[in-house]
Amino acid sequence: MKVVLENLTKKFPGRGKTSPGVTAVDNVSFEIPDGKLVGLLGPSGCGKSTTLNMICGLEAPTDGKIFFGEDEVTKLSPELRGVGMVFQNYALYPHLTVEENIRFPLENLKKEKKLSKAQMKEKVLEVARLVQTEELLDRKPAELSGGQQQRVAIARALVKMPKVLLLDEPLSNLDARLRIQTREEIRRIQRETGITTVFVTHDQEEALSISDMIVVLNNGAVQQMAEPQMVYDAPANLFVAKFLGTPQINMFEGRVAEGKLYIGDEAVMAADGAKDGDVLVGVRPEGFVLDENGGLAVELNSVEVLGRDISIVAKHKAFVGSSLRVIVDSENLSMIGNGQVRFRLKPAKVYLFDKTTEERIRL
Amino acid sequence: MKKNNWKGWLYLLPAILFLGVFMVYPLVDVFIYSFEEGYNSSSQTFWGTGWYNYLYVLHDPYFIQALKNTFILVLITVPLSTLLALLISLGLSSIKKLRNMFQTIYFLPYVTNTLAVGLVFMILFQTTEYTDGMFNFVLSLFGIAPIDFIEGPYWAKMFVLCFYTVWVVLPFKILILTSALASVNKNYYNAALVDGTRPFRVFRKITLPMISPTVFYLIITGFIGAFKAYSDAVALFGTNLNVAEMNTIVGYIYDMLYGDGGGYPSYASAAAIILFVIVLTITCINLLISKKHVHY
Ligand SMILES: Nc1ncnc2c1ncn2[C@@H]1O[C@H](COP(=O)(O)OP(=O)(O)OP(=O)(O)O)[C@@H](O)[C@H]1O
Ligand SMILES: [Mg+2]
């Protein structure tokens, strides 16, 4: 089932007369294709949870519409929407066993949907097998590891076979290894069930690795929606370029004149199609190539050899930010002397941004 | 760990000494008194030892009356006050507006002086030359003849006593329960909402289990408190409780020690031990039940 958000807005009233209130979600529109996993990515407080809660029905939008398939669900209460939700801290009922937890949603079914005990048991077993927790059914949540609790929470959300599965930072309580393992698990479960899924995270790596599509949010507004690689390779604006990628993208003050891009006083590459004037230039750390005749000269600060790569920390007078970081192949170690190094730039890794709107200038 | 054991005991010493002197010693003493027959407090002598004191107390109609009163009081007020407190706290936590105001109002009796409370009850129930009391006034609106709640029939007096007791213990229970309700993580309710759980099922399957430790705490302390009731009865019916048929076990013990017919520490001790056994039994039963039903 595809999910469509149309001009969704959520304003929270401020406390008291003087405080203005917050616009947590600001005119958000996007469409989640049927059966896809979409990652909602953004910094803390950008409105991810609020968006998810509105899709789920826990939070009523101030404005805008939500569609599941062709049906508008904006005013529908959560239980009528057929969604499954996994909460950030799982919210497993501590006094119930794993089995009772997973069965809980089934016991709420009324009238013609009502299941017999045996049917419930069968469904619980089926979904427990899917998330590989059959052997844990008799335990209480407190007796489970973080990853196991997480899987039980997913099982509980899945047991009614929801049309849409919503996950709010489901991995944030797990350690690094378990995170990777569990996110692959989530990916597998999503593929097997084919349920349209929205996955909220503030971790770019997480979003990039498991999503079919990524929606980048900032200050409640959509910055870009694209496939994971596209968000990285073709950021729509300065925020997206800065938010994705570690180490962070390097920003320079630049200038376009007569079809050439200048950083400092030197022309570094062609910039056909851009208007003359000042711009912001973003260069990914891997966008530099050592070249004696390259246009960009930097002062070396330090060189770290990291096995496969070399990480160079350098200085440039047009650089904006704290440290200019370049990553090159370690084969090039011999070419790096002391003092000054010259680089050529890979055009695909260089992005120009308008100084005032911070929108990307397409070349 | 083992090596430092004596240190642990050292830290506990003040508490152990204190409890020993002021709790264990008197308890043992009372236990011994209760078996000393014909104890004379001025000469500190007695004839012999045995069960006579217990037999006397158990055959004393005043004690039987006190026992009956206490049990009625306990069985009515503990469940009633806990249930009422639960309902009121649920109501309080489901409203947003004026919540603090209501909370304060419900808490007022707790910080109000006993004498003031007594005065309120006088106004409510006392029959004087000028008025039959507020309660009778309300009853008269329904065409019911005035009842003397303070010196009238037994059931009317018992009603007032129970009413008073519930009213006095309610604020504390409401306070404890509202904070217990507030501490239940909101995510559980959200999860239940998404799953389409009906409100009553949410209450029975989520809220109640989550606050069950608090509820059982209130029930157990409520039982113990109600078994020890005395001052409430005095506040309402004066010190001559035996005549008013409103005595409680603790009242009986007090009367045996200091009352008009006082000066019988052996009988008082026997009654005290009987009360102790009753409270102990009930508390054990409570704890056993709570093991089964309380989720931590
Ligand atoms: N109930 C509320 N009342 C008022 N403001 C709220 C409320 N809930 C959220 N907000 C505000 O709305 C904004 C978005 O919050 P939201 O919880 O959606 O952020 P988030 O992207 O999920 O962040 P995080 O990654 O930290 O969970 C924040 O500025 C937050 O302070
Ligand atoms: Mg959040």
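Residues numbered from 1 in each chain as written. Chains lettered and ligands numbered in written order. Predicted model: local features only at pLDDT ≥ 70, side-chain atom pairs only at ≥ 80, totals over all residues. Heavy atoms only, no water.

### Observations regarding the sheet that holds strand S20 (residues 340-345) of chain A
Within a beta sheet, neighbouring strands are joined by backbone hydrogen bonds and run either parallel or antiparallel to one another. Residue and element names in this part refer to chain A. Test applied: Paired strands are those between which DSSP finds at least two bridges. In this text, helices come from DSSP runs of H or I with a minimum length of four residues, and strands from runs of E with a minimum of two, each type numbered from the N-terminal end. Structural elements are reduced to axes, namely lines fitted to C-alpha atoms, with helices fitted over the stretch in contact, and the angle between N-to-C directions of any two is expressed from 0 to 180 degrees.
If you walk across this open sheet you meet the five strands as S15-S20-S16-S17-S19, and the pairing is antiparallel. The open sheet terminates on both sides in strands that have one partner only, identified here as strand S15 (288-290) and strand S19 (324-329). Here the strands of the sheet are splayed against their neighbours by 50° on average, with no regard to which way each runs.

### Overview of helix H1 (residues 48-56) of chain A
All names here are of chain A. Keep this limit in mind: Accessibility here uses a 1.4 Å probe with only protein chains present; expressed as a share of the type maximum, an area under 20% marks a residue as buried, one over 50% as exposed, and anything in between as partly exposed.
Across the nine residues of H1, eight count as buried, placing the element largely inside the fold. Every buried residue of H1 is accounted for by Lys48, Thr50, Thr51, Leu52, Asn53, Met54, Ile55 and Cys56. With its phi angle positive at about 105°, glycine 57 sits one or two positions after the end of H1.

### Brief notes about the interface of chain A and chain B
Quick reminder of the rule: Any pair of residues with heavy atoms lying within 4.5 Å of one another is described as a contacting pair. Buried area is understood as the total, over both parts, of accessible area removed when two parts are fitted together, assessed with a 1.4 Å probe. A pairing counts as a salt bridge when a side-chain nitrogen of Lys or Arg comes within 4 Å of a carboxyl oxygen of Asp or Glu. Within 3.5 Å is the distance limit for a polar contact, defined as a pair of N or O atoms, with the added protein rule that one can donate a hydrogen and the other accept it, and that residues adjacent in sequence qualify only through two side-chain atoms.
Contacts between the two partners involve 20 residues from chain A, matched on the other side by 18 residues from chain B. Buried surface at the junction of chain A and chain B, both sides included, amounts to about 1800 Å², of which 59% is carbon and sulfur. When the buried surface of chain A facing chain B is broken down by residue, A:Tyr93, A:His95 and A:Asn108 rank first, second and third, together holding 30% of it. Where chain A meets chain B, there are one salt bridge. The residue B:Arg201 makes a salt bridge to A:Glu107 at a minimum N-O spacing of 3.0 Å. Run the count over chain A and chain B and you get ten residue pairs in polar contact (both at pLDDT 80 or more). When residues of the side of chain A that touches chain B are traced back to their parent elements, those giving at least two are helix H2 (78-81), strand S6 (83-86) and helix H3 (98-107) of chain A.

### Concerning the site of ligand 1
Residue and element names in this part refer to chain A. Note the following rule: If even one non-hydrogen atom of a residue comes within 4 Å of a molecule or strand, that residue is called near it. In this classification, the charged set is Asp, Glu, Lys and Arg, the nonpolar set is Ala, Val, Leu, Ile, Met, Phe, Trp, Tyr, Cys and Pro, and all remaining amino acids, among them Gly, are polar.
As a matter of local geometry, ligand 1 sits amid Phe12, Val22, Ala24, Ser44, Gly45, Cys46, Gly47, Lys48, Ser49, Thr50 and Glu169. Within the backbone of glycine 45, an N or O atom sits 2.7 Å from an oxygen atom of ligand 1. Elements represented by at least two residues in the shell around ligand 1 include exactly strand S2 (22-32) and H1. No other element matches H1, which puts three residues into the shell around ligand 1. Per-class residue counts for the shell around ligand 1 are four nonpolar, five polar and two charged.

### A few points about the pattern of salt bridges
Side-chain pairs of opposite charge can arise where the charged atoms are in close proximity. Under the criterion given, the structure shown has 17 salt bridges over all chains. The closest approach of N and O atoms between A:Lys2 and A:Glu31, which form a salt bridge, is 3.9 Å. Here the residue A:Lys2 occupies a position in the segment before strand S1 (3-12), and A:Glu31 occupies one in strand S2, the gap between them amounting to 29 residues. Accessibility expressed as a relative area gives 41% for A:Glu31, which makes it partly exposed. Between A:Arg179 and A:Asp203 there is a salt bridge, with the nearest N and O atoms lying 3.2 Å from each other. Of the two residues, A:Arg179 sits in helix H6 (residues 176-193) while A:Asp203 sits in the loop between strand S8 (196-201) and helix H7 (204-210), which places them 24 residues apart along the sequence. For A:Arg179, a relative accessible area of 22% puts it in the partly exposed group. Within the structure, one salt-bridge network assembled from shared partners comprises A:Glu99, A:Arg103, A:Glu107, A:Lys121 and B:Arg201.

### What to know about a nonpolar patch on the surface
All names here are of chain B. Threshold: Patch membership is restricted to residues that have no salt bridge and whose relative accessible area is over 30%. Joining uses 9 Å for like charges and 5 Å for the nonpolar side chains Val, Leu, Ile, Met, Phe, Trp and Tyr. Here the accessible surface of atoms and residues is derived via Shrake-Rupley with a 1.4 Å probe, and residues count as covered only by protein chains that are part of the display.
Taken together, the side chains of Leu119, Met122, Ile123, Met134, Phe137, Val138, Leu141, Phe142 and Ile144 make up a nonpolar region of the molecular surface, amounting to roughly 950 Å² of accessible area. The set of elements that each furnish at least two residues to the nonpolar patch consists of helix H5 (114-125) and helix H6 (134-141). Per-element accounting of the nonpolar patch gives the leading share, four residues, to H6. Its location among the elements puts phenylalanine 142 in the loop between H6 and helix H7 (154-182).

### What to know about the pairing of S6(A)
Residues and elements named next belong to chain A. The alternating pattern of S6 places Val83 and Met85 and Gly84 and Val86 on opposite faces, both of which are buried. As paired strands, S6 and strand S7 (residues 164-168) are joined by four bridges and run parallel to one another. Bridge pairing in S7 links valine 86 to leucine 167.

### Details of the packing of helix H3 (residues 61-94) of chain B against H7(B)
All names here are of chain B. The cut-off we apply is this: By definition in this entry, angles of less than 35 degrees are roughly parallel, angles greater than 145 are roughly antiparallel, angles of 65 to 115 are roughly perpendicular, and the rest are oblique. Crossing handedness: left-handed means the near helix sits turned counterclockwise from the far one by under a right angle, and right-handed means the same turn made clockwise.
Across the interface, H3 lies against H7 with an axial gap of 6 Å and an inter-helix angle of 40°. Regarding the angle of H3 to H7, the classification is oblique. Regarding H3 and H7, the two cross each other, and that crossing is right-handed. Here the residues of the contact of H3 with H7 are counted per class, giving 21 nonpolar, nine polar and two charged.

### Thoughts on the domain arrangement of chain A
Residue and element names in this part refer to chain A. We apply this condition: Domain start and end points were adopted from an automatic or database domain assignment.
Domain annotation of chain A identifies domain 1 (3-238) and domain 2 (250-361). If you average the C-alpha positions of domain 1 and of domain 2, the two centres end up 40 Å apart. Counting residues at the interface gives seven residues for domain 1 and eleven residues for domain 2. Taken together, the two surfaces of domain 1 and domain 2 that pack against each other cover about 770 Å², and 50% of this comes from carbon and sulfur. Summed over the shared surface of domain 1 and domain 2, the result is zero salt bridges. Seen at the junction of domain 1 and domain 2, the total is seven residue pairs in polar contact (both at pLDDT 80 or more). Residue composition of the side of domain 1 that touches domain 2, grouped by class: five nonpolar, one polar and one charged.

### Some details on the state of the cysteines
Operational definition: For this text, the term disulfide refers to a pair of cysteine sulfurs within 2.5 Å.
All told, the structure shown has zero disulfides over all chains when counted by the stated rule. A:Cys46 provides the cysteine sulfur closest to A:Cys56, a residue in no disulfide bond, and the two sulfurs are 18 Å apart.

### A word on the nonpolar core
How we decide: Grouping buried Ala, Val, Leu, Ile, Met, Phe, Trp, Tyr and Cys residues that are joined through side-chain atoms within 4.5 Å yields what is termed a nonpolar core.
Formed by 77 residues in total, the largest nonpolar core has its most connected members in A:Leu5, A:Phe68, A:Tyr93, A:Leu166, B:Val57 and B:Ile211. The biggest single contributor to this core is helix H9 (residues 199-227) of chain B, with ten residues. Setting aside chain neighbours within four positions, we find A:Tyr93 in contact with A:Asn101, A:Phe104, A:Pro141, A:Arg156, B:Tyr188, B:Ala191, B:Ala192, B:Asp195 and B:Ile206.

### Things to note about the packing of aromatic side chains
The line we're drawing: Pairing of aromatic rings covers Phe, Tyr and the six-membered ring of Trp, with a centre-to-centre limit of 6.5 Å; geometry is then stacked below 30 degrees between planes, edge-to-face above 60, and tilted otherwise. Geometrically, a lysine NZ or arginine CZ counts as sitting over a ring once it is within 6 Å of the ring centre and also within 35 degrees of the ring normal.
Across all of its chains, the model carries 31 aromatic pairs over all chains by this definition. Among the aromatic residues, ring-to-ring pairing joins B:Phe121, B:Phe125, B:Phe135, B:Phe149, B:Phe159, B:Phe163, B:Tyr164 and B:Trp167 into one connected group. Here A:Arg156 stacks its cationic end above the ring of A:Tyr93, 4.7 Å away from the centre of that ring. Sitting over the face of the ring of B:Tyr154, B:Lys68 holds its NZ or CZ atom 4.9 Å from the ring centroid.

### Some remarks on the confidence of the model for chain B
In regions of low pLDDT, the predicted coordinates are not meant to be interpreted in detail. Residue and element names in this part refer to chain B. Here is the rule we go by: Note on scores: pLDDT gives the predictor's confidence for each residue, bounded by 0 and 100.
Of the residues in chain B, 96% reach a pLDDT of 70 or more, and the chain-wide mean stands at 86. Taking the mean pLDDT of every element in chain B, the minimum, 76, falls on strand S2 (residues 48-49) and the maximum, 93, on H3. Predicted as a complex, the structure gets a pTM of 0.79 and an ipTM equal to 0.79.

### Looking at the pairing of strand S17 (residues 309-315) of chain A
Residues and elements named next belong to chain A. Most of S17 sits inside the fold, with five of its seven residues counted as buried. Sheet topology places strand S16 (residues 296-306) next to S17; seven bridges connect them, and they run antiparallel. Counterpart to glutamate 304 in the pairing with S17 is serine 311. Linkage of S16 to S17, two consecutive antiparallel strands, is achieved through a turn of two residues, within which glycine 307 is found at a positive phi near 80°. When S17 meets S19, the two strands line up antiparallel, connected through six bridges. Looking at S19, one finds that isoleucine 312 is bridged to valine 326.

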